[in-house]
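Here is what each chain is made of, one letter per residue.
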Amino acid sequence: MSEFKRPAQKWKLDILNASFLCCTPIIAIIGLYWYTLNHGISWREILIFFIMYLMSGISITAGYHRLFSHRSHTASWPLRLFYAIFGAAAFQNSIINWCNDHRIHHLKTDTDEDPYSIIRGFFWAHMGWVMISEGEKKLTEVEDLQNDPILVWQDRHIFKIGGFSGIILPGLMGALIIGGISGFLGGLIWGGLVRLVFVHHGTFLINSGAHYWGKQNYSTKDTSKDSRILSIFTFGEGYHNFHHTFQADYRNGHKWYHWDPTKWWINICSMMKMTSNLHKVPNWAIENAKMK
């Protein structure tokens, strides 16, 4: 890694993204301290946090990642709409933009063209690449997604949708479950701000930690690694070496005992006829990769 030299090029700080990523944890901590001091913590706040955490987190892993980026399965329009609404609540850009970056990452892993290459350092892969602009990005890899009216709608109104589903909705849940203005603030802080920080850095850890820690059980062609520990915090996305080796598989943890809630969610949705055409790599191909 030390021998890698990136040619000099113009870059500038993305003020909006940098401010958002740096300020949300600070505001979340201050809000959490103030709310706890004045109103305490009950099971209601924790419930709102987990509901929002699960809905926004699974929308990123099952929706943005495995469905839209890799086409590992197909999904009905109500489920795609769910992913569009609650994926926006994660404030990680629109599905179209997210998938464009992610597909380039897989095509150009560990090269100069990889948007979040670990070769440029842990911080860069984790969040630095979002905070720095290196010129206009072109949507070269997502022509298929631009034909989906749900995704086009989300891309056009991403900030409005995210603002409602990620901030206002958890506040309304707080007003309903906890009660009053204090309940609204509790829902906004726990289900909005605190939850957002957890989802952000859970996702970011796949770009950074999953290319830094773990084992390479299936391929050594790039820096991707499998980490059971990371899978616990990322809805099963920590089996990253498997994923880079078999990108079209809807599973990241392919064995039944692998902690992969996203895989289980897709399976449950399949039982409910909301997902179909689940792609699985045959066992002989997996064993062949391990032997090599």
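For the structure itself, consult the block above.
Residues numbered from 1 in each chain as written. Predicted model: local features only at pLDDT ≥ 70, side-chain atom pairs only at ≥ 80, totals over all residues. Heavy atoms only, no water.

This part is about the pattern of salt bridges. Scanning the entire structure with this criterion turns up 8 salt bridges. The salt bridge partner of K137 is D101, with a shortest N-O separation of 3.7 Å. Of this pair, K137 sits in the loop between β3 (132–133) and α6 (149–156) while D101 sits in helix α4 (residues 95–107), and the two are 36 residues apart along the sequence. In this structure D101 comes out as buried when scored by relative accessible area, which is 11%. (Salt bridge = Lys/Arg side-chain N within 4 Å of Asp/Glu carboxyl O. Helix = DSSP H or I, 4+ residues; strand = E, 2+ residues; numbered from the N terminus. Buried < 20%, exposed > 50% of the residue type's maximum accessible area, 1.4 Å probe, protein only.)

Take the state of the cysteines next. Applying the stated criterion across every chain yields a total of 0 disulfides. The thiol of C22 is not disulfide-bonded; the next cysteine sulfur, from C23, is found 6.6 Å away. Judged by relative accessible area, C23 falls into the partly exposed class, the value being 37%. (Disulfide = S-S within 2.5 Å.)

Our focus in this paragraph is the environment of I58. Here I58 is to be found in helix α2 (residues 43–69). The class of I58 is buried, set by a relative accessible area of 6%. Sequence spacing of I58 and I266 is 208 residues, and the spatial spacing of their C-alpha atoms is 9.8 Å. Residue contacts for I58: discarding those within four places in its chain leaves Y53, G63, F82, Y83, F235, P261, T262 and W265. (Contact = heavy atoms within 4.5 Å.)

Within the largest apolar cluster, 36 residues are counted, with the highest numbers of intra-cluster contacts made by Y64, F68, Y83, I95, C99, L145 and L151. If you list the elements that add at least two residues to this core, you get α1 (15–39), α2, α3 (77–88), α4, α6, α7 (158–207) and α10 (261–271). For L145, the residues in contact, after removing those within four places along its chain, are F68, R71, I96, C99, R103 and L151. Judged by nonpolar contacts, the second largest core, of 7 residues, contains Y218, F246, A285 and I286. (Core = buried A, V, L, I, M, F, W, Y, C linked by side-chain atoms within 4.5 Å.)

This part takes up the packing of α1 against α7. It is at 9 Å that the axes of α1 and α7 come closest, and there the two elements cross at 140°. Between α1 and α7 the crossing geometry is left-handed. Contact residues: α1 offers F20, L21, T24, P25, I27, A28, G31, L32, W34, Y35 and H39, while α7 offers I178, S182, L185, G186, I189, W190, L193, V194, L196, V197, H200 and F204. Grouping the amino acids of the contact of α1 with α7 by side-chain chemistry returns 17 nonpolar, 6 polar and no charged. (Axes fitted to C-alpha atoms, helices over the stretch in contact; angles between N-to-C directions. Left-handed = near helix turned anticlockwise from the far one by under 90°. Nonpolar A, V, L, I, M, F, W, Y, C, P; charged D, E, K, R; others polar.)

Relative to the assigned elements, H200 resides in helix α7. Overall, the relative accessible area of 2% leaves H200 in the buried class. Of the polar contacts made by the side chain of H200, one reaches the backbone oxygen of F91; its length is 3.1 Å. With sequence-adjacent residues up to four places away left out, H200 is seen in contact with F20, L21, A90, F91 and Q92. (Polar contact = N/O pair within 3.5 Å; in protein donor to acceptor, adjacent residues only side chain to side chain.)

It is worth spelling out the packing of aromatic side chains at this point. A full pass over the atoms with the stated rule returns 21 aromatic pairs. Between F82 and Y83 the ring centres are 6.0 Å apart and the planes differ by 65°, which places this aromatic pair in the edge-to-face class. You can call Y83 buried: its relative accessible area is 0%. Aromatic side chains F242 and F246 sit 5.1 Å apart centroid to centroid with 50° between the ring planes, which places their arrangement in the tilted category. Grouped by ring-pair contacts, the aromatic residues F49, F50, Y53, W190, F198 and F235 constitute a single cluster. The ring of W124 has R120 lying over it, and the distance from NZ or CZ to the ring centre is 3.7 Å. (Phe/Tyr/Trp six-rings, centres within 6.5 Å; stacked < 30°, edge-to-face > 60°. Lys NZ or Arg CZ within 6 Å of the ring centre and 35° of its normal.)

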